[in-house]
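Survey of secondary and tertiary structure
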Amino acid sequence: MNTPRHFPSCVAEYDPNALPVSAAQEIVRQWALPRGRTEVEHVGLFNALDRVLAEDVISPINVPSHDNSAMDGYAFDGATLPSGSDHAARSSLPDDALLRLTVAGTALAGQPFEGHPLAAQCVRIMTGALIPPGCDTVVPQELVQRTGDAITFAPAGIVRGANRRLAGEDLAQGQPALRKGRIVRASDLGLLASLGIGGVEVQRRVRVAFFSTGDELRSVGEGLAPGCVYDSNRYTLFAMLRRMNVEPVDLGIVRDDRASLERALRQATQGADVVISSGGVSVGDADFTRDLMNALGDVAFWKIAMRPGRPLAFGRLWSGKRPGEGESALFFGLPGNPVAVMATFYFIVREALLAMSGATPYSLPLIAATSSQPINKRAGRSEFQRGIARRDTAGHWHVVTTGPQGSGVLSSMSEANCFIVLKHDAGNIDAGDSVDILPFDGLI
Ligand code: AMP
Ligand code: MG
């Protein structure tokens, strides 16, 4: 484990004014560690959605619990099948002869057939019904001719064991059904219920304290004096945090003075796992925030080669008198510009929150798209432009930008349906070039 004062050295090999996004992500990854075993709680199924499993869930039963039919049809002993079955030798029928069986009874889902069919008998069976003893194969009803209590069908193409779901085929008893670190999805709730499990051990949600900084900021409901703007970042942050199912703690607006900021940072650090601020890290504001971070903790990096999002402070804060004392929290000092807040959240903060949640981090899925226009891009920084992507009839993706890419233009995020992700080394993009896009659906 790194000691608090140690980690700025991880950035030593990079220009501190142009830390590549990939290097920043790596540093954040090293510092965002899962919390301990004591942070686990038990929740019922209805409260388990989007929570992170704290341990493997072992299947207590086989699912399905018994062999059952995958089709509506007739169950019989596959040994009666002629060639094509694995018991060809036991059958005296020529390949093209029809098989004739008499119907001994019916098996419905939840109502098994009680008897034991004899040779040359079959059981009318519905999907999900138990395969009767002595039977192992189901011929679908569409393939049979039924006359009275007898059926005939051509056995070619039916192999022994056809249309039978085996016990434990979905989930085998004693095997892990879901892994620790899994974020529980809708299908998982159903899966847990199918195992008869009513609740699971999950990690405590990561607590994230957040606030906005700026003398010019006004809250919704207040009047707007000249030069003032409404604080939108707290709403965007709240929404993004909720989407990640962490526990947001809203600390409001903090004025641009050292004492207010110090108070806010100390308060935030007590009880929170992560502290996120916006604003106050660009040139001009930066100095006292940086002084304060040095006084309360450690600064890992200050600027990253990213647009939007260049001024971004990352470090660890301590609630005690000196760094290393009291409670600690990771700190992300995001830029003030509203689009930069969103871009830095998704590309720098998101994975840290996942890791601290105990979730197995996963990469966001990028899709290759053809740029329908030239895009100006400077090599030596990652850019996250707002794009509108569409899929053509042949299945290819095409993307255009939303137009002016100012990092204060929040409407560009609402208008866009994806980020256009332009890599660190890439230069200008020509129309027709391939670029990566990150769809917003399910993300923002
Ligand atoms: P700063 O990083 O504090 O210099 O802020 C950069 C720009 O973002 C300025 O134009 C701010 O007015 C704007 N800004 C900062 N915080 C917020 C906020 N919470 N909501 C909306 N705009 C903001
Ligand atoms: Mg400011």
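Under an unreviewed UniProt entry, the protein chain has the name Molybdopterin molybdenumtransferase and belongs to Caballeronia sordidicola. Of the protein chain, the UniProt comment under Function (unreviewed entry) reads exactly: "Catalyzes the insertion of molybdate into adenylated molybdopterin with the concomitant release of AMP." You can read under Catalytic activity (unreviewed entry) in the UniProt record for the protein chain the words "adenylyl-molybdopterin + molybdate = Mo-molybdopterin + AMP + H(+)".

Counting its secondary structure elements, the protein chain contains seven helices and 26 strands. Projected onto its principal axes, the C-alpha coordinates of the protein chain cover approximately 95 × 55 × 50 Å. Burial status across the protein chain gives 46% buried among its 444 residues. Counting only contacts in the protein chain whose residues sit at least 6 apart along the sequence, the fraction spanning at least 24 positions is 71%. Accessible surface for the protein chain amounts to roughly 21,000 Å². Of this, 51% is attributable to carbon and sulfur atoms. One finds the centroid of the 42 positive side-chain charges in the protein chain at a distance of 4 Å from the centroid of its 47 negative side-chain charges.

Right, let's talk about the nonpolar core for a bit. Membership of the largest hydrophobic core comes to 52 residues, with the highest contact counts inside it found for Ile276, Phe301, Phe314, Phe332, Phe345, Leu353 and Phe419. Ranked by residue count, the leading element in this core is helix H6 (residues 338-356), at 14 residues. For this core, the two domains that each supply at least three residues are domain 1 (4-35 + 204-356) and domain 4 (367-439). Setting aside residues no more than four positions away along its own chain, Phe332 makes contact with Val28, Val274, Val275, Ile276, Ser277, Ala313, Phe314, Ile348, Val349 and Ala352. The next biggest cluster of nonpolar side chains, apart from the first, holds 19 residues, and it includes Ala268, Val275, Val281 and Met293.

With respect to the secondary-structure elements, Phe440 resides in the segment after strand S26 (434-439). By relative accessible area, Phe440 is classed as buried at 7%. The spatial distance from the C-alpha of Phe440 to the C-alpha of Cys418 is 5.0 Å, given a sequence separation of 22 residues.

What follows concerns the site of ligand 1. Near ligand 1, the surroundings consist of 15 residues, among which Glu216, Asp231, Ser232, Gly280 and Ser282 are the closest. Between ligand 1 and the protein, one listed contact pairs an oxygen atom with a side-chain N or O atom of Glu216 at 2.6 Å. Within the backbone of Ser232, an N or O atom sits 3.0 Å from a nitrogen atom of ligand 1. Compared with its free state, where it exposes 490 Å², ligand 1 has 77% of that area covered by protein. Within the shell around ligand 1, the residues separate by chemical class into four nonpolar, eight polar and three charged.

Attention shifts here to the sheet that holds strand S9 (residues 145-147). Paired through their backbone hydrogen bonds, the strands of a sheet run either parallel or antiparallel. One open sheet holds the six strands; their spatial order is S8-S5-S7-S6-S10-S9, and the pairing between them is mixed. A strand with exactly one partner marks an edge of an open sheet, and here the two such strands are strand S8 (137-140) and S9. Here the average twist between neighbouring strands, direction ignored, is 35°. Sheet topology places strand S5 (residues 73-76) next to S8; four bridges connect them, and they run antiparallel. Bridging from a neighbouring strand, Phe76 pairs with Thr137 of S8.

What follows concerns the environment of Ile444. Considering the arrangement of structural elements, one finds Ile444 in the segment after S26. Residue classification places Ile444 among the partly exposed positions, given a relative accessible area of 32%.

Conventions adopted
- Residues numbered from 1 in each chain as written.
- Chains lettered and ligands numbered in written order.
- Predicted model: local features only at pLDDT ≥ 70, side-chain atom pairs only at ≥ 80, totals over all residues.
- Heavy atoms only, no water.
- UniProt positions renumbered as here; feature names shortened; annotations may be inferred.
- Helix = DSSP H or I, 4+ residues; strand = E, 2+ residues; numbered from the N terminus.
- Buried < 20%, exposed > 50% of the residue type's maximum accessible area, 1.4 Å probe, protein only.
- Contact = heavy atoms within 4.5 Å.
- Areas by Shrake-Rupley, 256 points an atom, 1.4 Å probe, with all protein chains shown as cover.
- Lys, Arg positive; Asp, Glu negative; His and termini not counted.
- Charge placed at Lys NZ, Arg CZ, Asp CG, Glu CD.
- Core = buried A, V, L, I, M, F, W, Y, C linked by side-chain atoms within 4.5 Å.
- Domains from an automatic or database assignment.
- Near = heavy atom within 4 Å.
- Polar contact = N/O pair within 3.5 Å; in protein donor to acceptor, adjacent residues only side chain to side chain.
- Nonpolar A, V, L, I, M, F, W, Y, C, P; charged D, E, K, R; others polar.
- Pairing = 2+ DSSP bridges.
- Axes fitted to C-alpha atoms, helices over the stretch in contact; angles between N-to-C directions.

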